[in-house]
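Spelled out, the chains give:
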2 protein chains.
Amino acid sequence: MTQHITLREVGLRDGLQIVKTIVPTQAKMEWIREEYSAGVKEIEVCSFVPAKLIPQFADSTEIVADSLRIRGLTVSALIPNMKGAQRGVELGVHKLNYVMSVSEGHNLANVRRTVAESLEDFSNIVAMLREVPAGSRPKLSGGLSTSFGCTIEGRVSEDRVVELAERLVESGADEIVIADTVGYGGPHAVRRVFERVLARVGSVPVFAHFHDTRGLGLANAVGALDAGVRYFDATLAGLGGCPHAPGATGNVVIEDLAFLCETMGYATGIDIGKLVAVRHILARELPNEKLSGAIAVAGLPREFPKAAASA
Amino acid sequence: MTQHITLREVGLRDGLQIVKTIVPTQAKMEWIREEYSAGVKEIEVCSFVPAKLIPQFADSTEIVADSLRIRGLTVSALIPNMKGAQRGVELGVHKLNYVMSVSEGHNLANVRRTVAESLEDFSNIVAMLREVPAGSRPKLSGGLSTSFGCTIEGRVSEDRVVELAERLVESGADEIVIADTVGYGGPHAVRRVFERVLARVGSVPVFAHFHDTRGLGLANAVGALDAGVRYFDATLAGLGGCPHAPGATGNVVIEDLAFLCETMGYATGIDIGKLVAVRHILARELPNEKLSGAIAVAGLPREFPKAAASA
C-alpha cells in the first residue's frame, strides 16, 4: 500500500519573515488558496510576533480569519511564547507551532530565554490550553530548532535533541518538529536522530524541517524518509534563508520535495504541476527574491506520475 | 574505519561539451591542476570526438599530453567508438570511458547505432586493447547512459540496465558507469538498481553519474551510497546540462557532493575549501554560464570537518 507523506507549507512564515517587501494580504491569500487547491492541506500562515518586530505579519488577524474559511485546510501559526498562544486561541487557529532551540545560544538569540525557560513556558501554554473548551482548543506543536548544529554553538548533542523531544511530548505536545535550521545536517545524522526520536515519541506526528543552505535539503529528506518520517515542512520556491549565510538557498523547495517523495513511491496528494504554477504569485510580488527549485525549470519526467507510482 | 569515496571530475568533458564558449587550453590546464591539488585524483579531461562536431575538444591532444605530466592523476577521456579508442591509446590516456545508452532511441540519437551494435563495438575495442602492450594499455570503462529513464523513450527497464552492465563486464570492462543522464531517477530506484548491479559486477568499480536536472542529484547520491557505491562522477559548479531542459541544472556539483560524503562520515581526500576556490576559473572563462552549488555560497559549517569525521 502506498504510504502518505504530509507536506506542510511554511513559506508564509519561515519564508516571508526574512523578506523585506511586505506582501499584500490579498496576495498571501491567493498563495494560500492556490496551494491548497494544488493539494497542500496544512499551511503555516503567519507568526504571532509583534508587528513592530516583523511588519510582514501585521495582517495575521485577517490572514487567519480568511484561511479558516478554506474548508479542509489545517491553519497553523508560529508562536514564540504564551502571548502568541493566547492570540492563536482567540483567532481560532487549528494548530500552534511553538518554537525553541536545542542550542542555548540560539535560543537566547531567537526567543531571549534559556532552554529551561522555554520548556517551562511550553508547560504553561499546555496548562492554558487545557482551560480552552475542547471544541475550540488548537493542537500544540513543539519545534526544536538547530537540532543538527548551530551557527553560534557549532555541534549540538543528539542525546539532547531526543531528550527535549521527549520532554515536549511529556509536557503535552501533540506533534514534534525537528529542524535543521542552518543546513548543518547530513543524511546519516538525520536518519539516526529521527530513528531515535520516532522510537521515543513516535506516538505523535514528527515533522522534519530542513533548510537547503548547504545543498543537502533533499538528501536529508531521504535520510528522514528512510528513518520513517512521514511529515515535512517546506516552502514554495524554497523561500526562506539564513541570516548567517547571505545569498544562500532557503528552506527545502516544496515542489521538489513532492517530486522526491513521488519518485520514491510515496503519495503526497499534491498535483506538482499545479503547485509549480503557484510560483507566479511569488514572481509577481517578490521580483527581487531568488526563486529556487529544479522541477519548475526542468519539468516533470515523461510518464510521470505513472513511472513514479510503480517506482 | 572510514570508507573512501572516489569523486571523478567530468566537467571538462560533460560540462564543456555543451558550452559554446571555447575555453583556452591554458585555462583548462589550470582547472585540471588546481582541482588535482584540491584532492581530485581522476579527471575526465576531454572527449575524443571529431573537432568539427564539438570544437571545444579541438585541443584534446595537448590537454591529454599536459595532464599526463601531473603525477598521480588518472587521466581519462570519453570515447564514442573504436576511432576514439585508438586515439586514446596513441595519446597514452590511463582510462577510456566508452559510452552507450540503455535506451535504443537515445543510443541512436547519441552515437548513431543500436545497442547491439554498441556492444559489438565495445567487444572490438576490448580485442584491439588486448594487442596493446600491457604497460601502455589503458583501462576501459563501460558507461550506460539513460539508466533511469530517457527523454525520448520514457521508462527504461531495470533488468536491461543490470543485463547490459553484466554484458560489458563479461566483454572486458574494467569498470562500469551507471548514469542518470536526464535526472529521472529517484533514491529508491537508484538504490535498487545499484544494489543489483553491484551484486552482479561488484568485482569492478561501479561509478554513479547523476545529473541534478530535477533537483535530486544529491538525494540520488544518498541512494547510491546506501547501496554501496563508492565511485561518483560530478562536475565543478555543476557545469553541464541537458539539451532537452534549457536552463536546468547540470551534473551533480562536485564540491557539494564532497560535502555530502564527508557529512556522512566518508573520506573523499578532497579539501572542499580548495575545491570551491577552483570555481574562479569558471567564473572568469565562462561568465555567461550559471555556476551552481550551495557550499560555495553558504560555506562549510562551523567545526567542519571535525563534526563530519564523527558524524
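The rules behind these values
Residues numbered from 1 in each chain as written. Chains lettered and ligands numbered in written order. Predicted model: local features only at pLDDT ≥ 70, side-chain atom pairs only at ≥ 80, totals over all residues. Heavy atoms only, no water. Helix = DSSP H or I, 4+ residues; strand = E, 2+ residues; numbered from the N terminus. Rg over C-alpha atoms; globule rule 2.2 N^0.38 Å. Buried < 20%, exposed > 50% of the residue type's maximum accessible area, 1.4 Å probe, protein only. Contact = heavy atoms within 4.5 Å. Buried area = accessible area lost by both parts, 1.4 Å probe. Salt bridge = Lys/Arg side-chain N within 4 Å of Asp/Glu carboxyl O. Polar contact = N/O pair within 3.5 Å; in protein donor to acceptor, adjacent residues only side chain to side chain. Nonpolar A, V, L, I, M, F, W, Y, C, P; charged D, E, K, R; others polar. Core = buried A, V, L, I, M, F, W, Y, C linked by side-chain atoms within 4.5 Å. Least-squares fit on C-alpha atoms with pLDDT ≥ 70 in both. Pairing = 2+ DSSP bridges. Right-handed = clockwise from strand over helix to strand, strands pointing away. Phe/Tyr/Trp six-rings, centres within 6.5 Å; stacked < 30°, edge-to-face > 60°. Lys NZ or Arg CZ within 6 Å of the ring centre and 35° of its normal. pLDDT = per-residue confidence, 0-100. Axes fitted to C-alpha atoms, helices over the stretch in contact; angles between N-to-C directions. Parallel < 35°, antiparallel > 145°, perpendicular 65-115°, else oblique. Left-handed = near helix turned anticlockwise from the far one by under 90°.

A. Local environment of the overall build of chain A. Broken down by element type, chain A carries 14 helices and eight strands. A globule of 311 residues ought to have a C-alpha radius of gyration of about 19 Å, and chain A, at 18 Å, matches this closely. For the C-alpha atoms alone, the extent of chain A along its principal axes is close to 50 × 40 × 40 Å. The buried share of chain A, reckoned over its 311 residues, is 61%.

B. Summary view of the interface of chain B and chain A. On the chain A side, the residues contacting the 44 residues of chain B number 44 residues. Carbon and sulfur atoms make up 61% of the area that chain B and chain A hide from each other, which totals about 3,200 Å². Summed over the shared surface of chain B and chain A, the result is two salt bridges. The partner of D226(B) in a salt bridge is R191(A), and the shortest N-O contact between them spans 3.1 Å. Here chain B and chain A share 14 residue pairs in polar contact (both at pLDDT 80 or more) between them. A breakdown of the residues in the side of chain B that touches chain A according to their chemical character gives 23 nonpolar, eleven polar and ten charged.

C. Main features of the side chain of S60(A). Residue and element names in this part refer to chain A. Positionally, S60 belongs in helix α3 (residues 60–67). Look at S60 and you get buried, because its relative accessible area is 0%. In contact with S60, other than residues within four places in its own chain, are C46, S47, F48 and R87.

D. Spatial organisation of the nonpolar core. Formed by 193 residues in total, the largest nonpolar core has its most connected members in I178(A), F194(A), F232(A), I178(B), F194(B) and F232(B). With residues up to four places along the chain from it excluded, the contact list for I178(B) reads L144(B), S147(B), F148(B), V161(B), A165(B), V193(B), F194(B), V197(B), V206(B), F207(B), A208(B) and H209(B).

E. Broad picture of the relation of the copies chain B and chain A. Turning chain B through 180° and shifting it by 0.0 Å along the axis lays it on chain A, with an RMSD of 0.0 Å. Accordingly, the operation relating the two chain copies is best matched by a two-fold axis. Every residue of chain B has its C-alpha some distance from the rotation axis, and the shortest such distance is that of A219(B), at 1.9 Å. The fraction of interface residues of chain B whose copies in chain A are also interface residues reaches 100%, indicating that both copies meet through the same surface.

F. Spatial organisation of the pairing of strand β6 (residues 175–180) of chain A. All names here are of chain A. With respect to burial, β6 is a largely interior element, six of its six residues being buried. Here β6 shows a buried face lined by E175, V177 and A179 and a second buried face lined by I176, I178 and D180. Here strand β5 (residues 139–145) runs beside β6; their pairing, made up of four bridges, is parallel. Within the sheet, the bridge partner assigned to G142 lies in β6 and is I176. Tracing the backbone out of β5, into helix α7 (residues 158–171) and back to the parallel element β6 gives a crossover that is right-handed. In this sheet, strand β7 (residues 206–210) lies alongside β6 in parallel orientation, the contact comprising five bridges. By the bridge assignment, I178 is partnered in β7 with A208. In terms of handedness, the path from β6 via helix α8 (residues 187–201) over to β7 forms a crossover that is right-handed.

G. Fine view of the packing of aromatic side chains. All names here are of chain A. On inspection of all chains with the given rule, the structure shows eight aromatic pairs over all chains. Where F207 meets Y231, the ring centres are 5.1 Å apart and the plane angle is 40°; that geometry is what we call tilted. With F207 in strand β7 and Y231 in strand β8 (residues 231–234), the pair connects residues that are 24 residues apart, well separated along the chain. Taking relative accessible area as the criterion, F207 reaches 1% and is therefore assigned buried. Of the aromatic side chains, those joined through ring pairs into one cluster are F148, F194 and F210. In this structure, R8 is placed above the aromatic ring of F207, and the distance from its NZ or CZ to the ring centre is 3.7 Å.

H. Fine view of the pattern of salt bridges. Residue and element names in this part refer to chain B. Using the criterion set out here, one finds 40 salt bridges over all chains in the structure. We note a salt bridge from R69 to D66, for which the minimum N-O separation is 2.3 Å. Notably, a salt bridge pairs R192 with E158, separated by 2.6 Å at the nearest N-O pair. Here E158 lies in helix α7 (residues 158–171) and R192 lies in helix α8 (residues 187–201), a separation of 34 residues in the sequence.

I. Representation of the confidence of the model for chain A in the model. Residues and elements named next belong to chain A. Overall, the prediction assigns chain A a mean pLDDT of 95, with 98% of residues at 70 or greater. Note that pLDDT drops below 50 for residues 307–311; the model gives that stretch nine contacts with residues more than four away or on any other chain. Among the scores for the predicted complex, ipTM is 0.89 and pTM is 0.93.

J. Looking closely at the packing of helix α9 (residues 217–227) of chain A against helix α10 (residues 254–263) of chain A. Residues and elements named next belong to chain A. The interhelical angle for the contact between α9 and α10, taken along N-to-C directions, is 45°, at an axis separation of 11 Å. Compared by their axis directions, α9 and α10 come out oblique. Two packed elements cross with a definite hand, and for α9 against α10 that hand is right-handed. Contacts from L218, A221, V222 and L225 in α9 reach D256, L257, L260 and C261 in α10. A class-by-class count of the residues in the contact of α9 with α10 yields seven nonpolar, no polar and one charged.

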